Amino acid sequence: MASAHVDADVRFLALSRPDFTVQDAERIARELYGIDGKGKEFYAERDRSYYLRAEDGREFVLKIVHADEEEANIALQIEALNWIARQDPGLPIPRVQRASDGVQIAHRRSADGRQHAVWMLSYLPGTPLMDTNPDGATLRELGRVMGRMDRALRGFFHPAAGREIVWDARMAPRLAANLALIEDATDRKLLESIIAQFAADALPKLNGLRAQIIHNDFNFHNVLADAAGRIAGLIDFGDMIHAPLIVELGCAGSDAALDTDRPLERMVELLRGYHEIVPLLVQETDLLFDLIQSRHAMALAILARRRAQNMTEQNYLESYAAPCLKSVRMLAEIGRERACAAFRAAIEPRSSVSVPKIPTGEVDADRESMLARRKRVMGPQSYMFYDQPLHMVRGDGAWLYDVTGRRYLDVYNNVPHVGHCHPHVVEAIARQAAVLNTNTRYLFDEVLEYAERLGTTMPAGSGLTACMFVNSGSEAVDLAGRLAKAYSGHSGALVMEYAYHGWTEAVEALSPEVADRVKPHVRTLVAPDDYRGAHRRGGNDIAALYAADADRAIRSLAEGGHKPALFIADAALLTNGVLDAPVGWLQGVYERVRKAGGLCIADEVQSGFGRQGDAMWGFELHGVVPDIVCMGKPIGNGHPLGAVVTRPEIVQALVDERIFFSTFGGNNVSCAAGMAVLDVLEREGLQENARKVGGHFKHGLRTLAERHDLIGDVRGRGLLVGVELVRDRKSLAPAAPETKRVVNRMRDLGVLTASEGPHGNVLKLRPPICFTREQADMTIAALDQALSEL
Ligand code: PMP
């Protein structure tokens, strides 16, 4: 909508357009821009706007501006477009063209002698969203693109942005008088009540919210999509003003609500996309419903006024009238309360999430067909969680949402370490992906800054300063194995019985949990299980007794003709059933391995990044310093990333032997993700949270054990907890089938866990470490119920 200026009482300017023809436009383009092209006129309310195709195929838009328009308003648009193009070059916006003499605003007189500003933009192809009936995915993408635009505009200012225009949401009360011109009494009353409500309630709140210069007119004529439904263009910056940020979504939201019987769902998609890029506050989304309704009411008020003044001839608002009224009525029926609840759910602030929804009884009708399809298109591979697999559609914090809208408390996944879809991580990934993503054969800052930052998390003086980046935990361990072999010159490996370190062929050999047989170069060490192992809690010097097993393994390796290149362990011994290894055990093993010439590798893929509360890294809790540290899973909060941190001379040994290069390892986007995870850990104090909430969790579980004999032991640290279920506390007979039933029952109760350990009788509790006390209590309540029902 082209801008129309207002006086205090909202004056409507005549819509007479400058007196120019298409031929004039072609001539002006030739004279001012040196562009020889064929022209065609676009519709514009007050200005003249022409499409021009140059002989060489380039396409432009030439604008000849109404003589009454202040030039500052054009300068505002030009400077904003230039600014956005610098901040976020990937955004699909028109680029300002300079005239042959270098100016961005030129001038021409019309036949009546009046002087008109002339400027030119590149032309963006695409179909206006108004004509494409956009689906949810397109609306979500529009939300993201709008978010990027507003983020790009954050630091921009121009004095003309303070002007008054009719199409300013805050102008609604001053336009209300025009509603009297609407004949239908029911419609009139409804629209008047909308504006009255807006004036009384929304407007005062709106004025207290964050504001900046915004586009202010993302109606669906101004958004272009390509044939695949992707957003291809954002155009018409003529209504830009300084306004509350949420107004931007009010504009687009009101068009999203047109011509649909699901206005709320469409607005929610838009909102979600925007929120991914520019996290919104509840105070903002709570005003969205009123903004959308009042924008509809404003459009109808302006239309009524224009009709009354017989200005309907070129008034495209006419075509708006019927869908607009329909939408107003439908939204009134839905009501503010429901809409606000839907908008709140869409941005789901972590702090207000506490109680899981009661099962709705809705079923996932697609499950069976999806399982069959999965088999068809992915082959008959690997098992899925739970007897009734879940069809997930969204994650947020410690919550996962399935397709029926039911939410599940995620007490299992350690990958979304700082919370599913954490906005800071999402934003970092999106921002970097829009600027540059390449490989480490070029110099760039992101990988250096990230390596430096990751290095600072290692113990001071450890020499662990060299970071190598790969794409997964398995790759990290694979690389660590190669480093150890190259540095030690040995070929043997020592691993924990029942360990898992990854799926590559070399690493599978180090993973007795999945390896079909132990390879000749590998020996396993007995797990220091002080609950059901050979040496138990309370016994004398059990750490030394377990550590001594390394002597046996090293001897056995030697008998097979191998010296140890490496010993690898996850210090929290998760696959062994989340063991509390006795203090001194790991130190004892490290000493023996080093004496035999091997390197010690810490696999922190599961237990690192502050999860255990008392330290950033699992090995620190054992008082050891490894030679190589492997990282994966939580490191990128779900973005595929793996890292190895070691001493430079160990890297040198590998480099002397062979070239190492991973195309994706250490790319800019992965580094941005990894950096963002470290930011969140620090800013939100999540290691400390893991310590506190983990302590509360473990205490609650131990209290529960007083009432359920099946709970034999509660182990672990921070938010890495194992609950071992036994049929008999004396014989320690593992309660494996019961554990499986508990896991499935808890899933039905809305809490996701899994079983672990050589006997499959340990509940592994490993939530995102933004986990709250309330969520810990919910988990305990669900476990209590599942155990009671057994
Ligand atoms: N090490 C440990 C301790 C793990 O738990 C895993 C994965 N479960 C890996 C390595 C392998 O990581 P990825 O699946 O990312 O290859």
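Structure first, text after, so check above.
Overview of the structure.

Parameters at a glance
Residues numbered from 1 in each chain as written. Predicted model: local features only at pLDDT ≥ 70, side-chain atom pairs only at ≥ 80, totals over all residues. Heavy atoms only, no water. Helix = DSSP H or I, 4+ residues; strand = E, 2+ residues; numbered from the N terminus. Buried < 20%, exposed > 50% of the residue type's maximum accessible area, 1.4 Å probe, protein only. Contact = heavy atoms within 4.5 Å. Areas by Shrake-Rupley, 256 points an atom, 1.4 Å probe, with all protein chains shown as cover. Lys, Arg positive; Asp, Glu negative; His and termini not counted. Charge placed at Lys NZ, Arg CZ, Asp CG, Glu CD. Core = buried A, V, L, I, M, F, W, Y, C linked by side-chain atoms within 4.5 Å. Phe/Tyr/Trp six-rings, centres within 6.5 Å; stacked < 30°, edge-to-face > 60°. Lys NZ or Arg CZ within 6 Å of the ring centre and 35° of its normal. Near = heavy atom within 4 Å. Polar contact = N/O pair within 3.5 Å; in protein donor to acceptor, adjacent residues only side chain to side chain. Pairing = 2+ DSSP bridges. Axes fitted to C-alpha atoms, helices over the stretch in contact; angles between N-to-C directions. Patch = residues over 30% accessible without salt bridge, like charges linked within 9 Å, V, L, I, M, F, W, Y side chains within 5 Å. Salt bridge = Lys/Arg side-chain N within 4 Å of Asp/Glu carboxyl O. Disulfide = S-S within 2.5 Å. Parallel < 35°, antiparallel > 145°, perpendicular 65-115°, else oblique. Left-handed = near helix turned anticlockwise from the far one by under 90°.

## Structural notes on the overall build of the protein chain
- Check the secondary structure of the protein chain and you find 24 helices and 26 strands.
- Projected onto its principal axes, the C-alpha positions of the protein chain cover 105 × 60 × 45 Å.
- Residue burial in the protein chain is summarised as follows: out of 790 residues, 58% are buried.
- When contacts within the protein chain are restricted to residue pairs at least 6 apart in sequence, long-range pairs at least 24 apart make up 75% of them.
- Split by element, the accessible area of the protein chain, about 32700 Å² in all, is 51% carbon and sulfur.
- Mean positive and mean negative side-chain charge positions of the protein chain (91 and 104 charges, respectively) differ by 3 Å.

## With respect to the nonpolar core
- In this structure, L142, M149, L206, L234, L249 and F343 are the most contacted members of the largest nonpolar core, which totals 99 residues.
- Take this core: its biggest share by element is 12 residues, from helix α9 (residues 288-308).
- If we skip the residues at most four places from it in the chain, L142 touches L129, F220, V223, I231, L234 and L270.
- Ranked by size, the runner-up nonpolar core spans 96 residues in total, among them M496, Y546, L557 and C600.

## Observations regarding the packing of aromatic side chains
- Per the counting criterion, the structure on display carries 10 aromatic pairs.
- On the numbers, 6.3 Å between centres and 10° between planes, the contact of F42 with Y123 is stacked. Of this pair, F42 sits in strand β1 (residues 37-42) while Y123 sits in the loop between β6 (115-122) and β7 (127-128), placing them 81 residues apart in sequence.
- Given the relative accessible area of 27%, F42 is considered partly exposed.
- Through a chain of ring-to-ring contacts, three or more aromatic side chains come together here, namely F42, Y51 and Y123.
- The aromatic ring of W399 is capped on one face by R407, whose charged end is 4.0 Å from the ring centroid.
- Positioned above the aromatic ring of F661 is the side chain of R441, whose terminal nitrogen or guanidinium carbon lies 3.8 Å from the ring centre.

## Some details on the site of the ligand
- The immediate surroundings of the ligand are formed by S472, G473, S474, Y500, H501, G502, W503, D603, V605, Q606 and K633.
- A distance of 3.0 Å separates an oxygen atom of the ligand from a polar atom in the backbone of G473.
- Interatomic distance of 3.2 Å between a side-chain N/O atom of K633 and a nitrogen atom of the ligand.
- Coverage of the ligand by the protein amounts to 83% of the 390 Å² it exposes when considered alone.

## Points about the sheet that holds strand β12 (residues 392-396)
- Here we have 4 strands laid out as an open sheet, ordered β12-β13-β14-β24, and mixed in their pairing. Each of the sheet's edge strands pairs with one partner strand only, and the pair in question is β12 and β24 (751-752).
- Note that strand β13 (residues 399-402) and strand β14 (residues 407-410) share 3 bridges and pair antiparallel. Pairing of L400 across the sheet is with Y408, part of β14.

## Things to note about the sheet that holds strand β18 (residues 564-569)
- Taken in spatial order, the 7 strands line up as β15-β21-β20-β19-β18-β16-β17 in an open sheet, and their pairing is mixed. The strands lining the two open edges of the sheet, one partner per strand, are β15 (466-470) and β17 (522-525). The mean angle between the axes of side-by-side strands here comes to 20°, regardless of whether they run parallel or antiparallel.
- Note that strand β16 (residues 492-496) and β18 share 4 bridges and pair parallel.

## As for the side chain of H215
- Take H215: it is sitting in the loop between β8 (211-214) and β9 (223-225).
- From its side chain, H215 meets the backbone nitrogen of D217 in a polar contact 3.0 Å long.
- Ignoring anything within four residues of it in the chain, the contact list for H215 reads D150, L153, N222, I235, D236, F237, D239, M240 and E248.

## Remarks on a nonpolar patch on the surface
- Taken together, the side chains of Y500, W503 and V514 define a hydrophobic patch exposed on the protein surface, amounting to about 340 Å² of accessible area.
- Along the chain, W503 turns up in the loop between β16 and α16 (505-508).

## Structural notes on the state of the cysteines
- Tallying each qualifying case throughout the model produces 0 disulfides.
- Cysteine C467 is unpaired, with the sulfur of C671 as its nearest cysteine sulfur at 9.6 Å.
- Considering cysteine sulfurs only, C421 is the nearest to C770, which forms no disulfide, with 11 Å between them.

## Here we look at the packing of helix α18 (residues 549-559) against helix α19 (residues 585-595)
- Here α18 crosses α19 at 25°, and the two axes come no closer than 9 Å. It follows from the interaxial angle that α18 and α19 lie roughly parallel. For the crossing formed where α18 meets α19, the hand is right-handed. Here A550, D551 and I554 of α18 come into contact with α19, specifically with V589, R592 and V593.

## A few points about the pairing of strand β21 (residues 642-646)
- Summarising burial for β21: 5 of the 5 residues are buried, a large majority.
- Every second residue of β21 is oriented toward a common face, with G642, V644 and T646 on one face and A643 and V645 on the other, all of them buried.
- As judged from the 5 bridges shared by β15 and β21, these two strands associate in the antiparallel manner. Along β21, the bridge assignment pairs C467 with V645.
- Direction of pairing for strand β20 (residues 628-631) relative to β21: antiparallel, over a ladder of 4 bridges. Bridge pairing in β21 places V629 opposite V645.

Any link to function would need more than the numbers given here.
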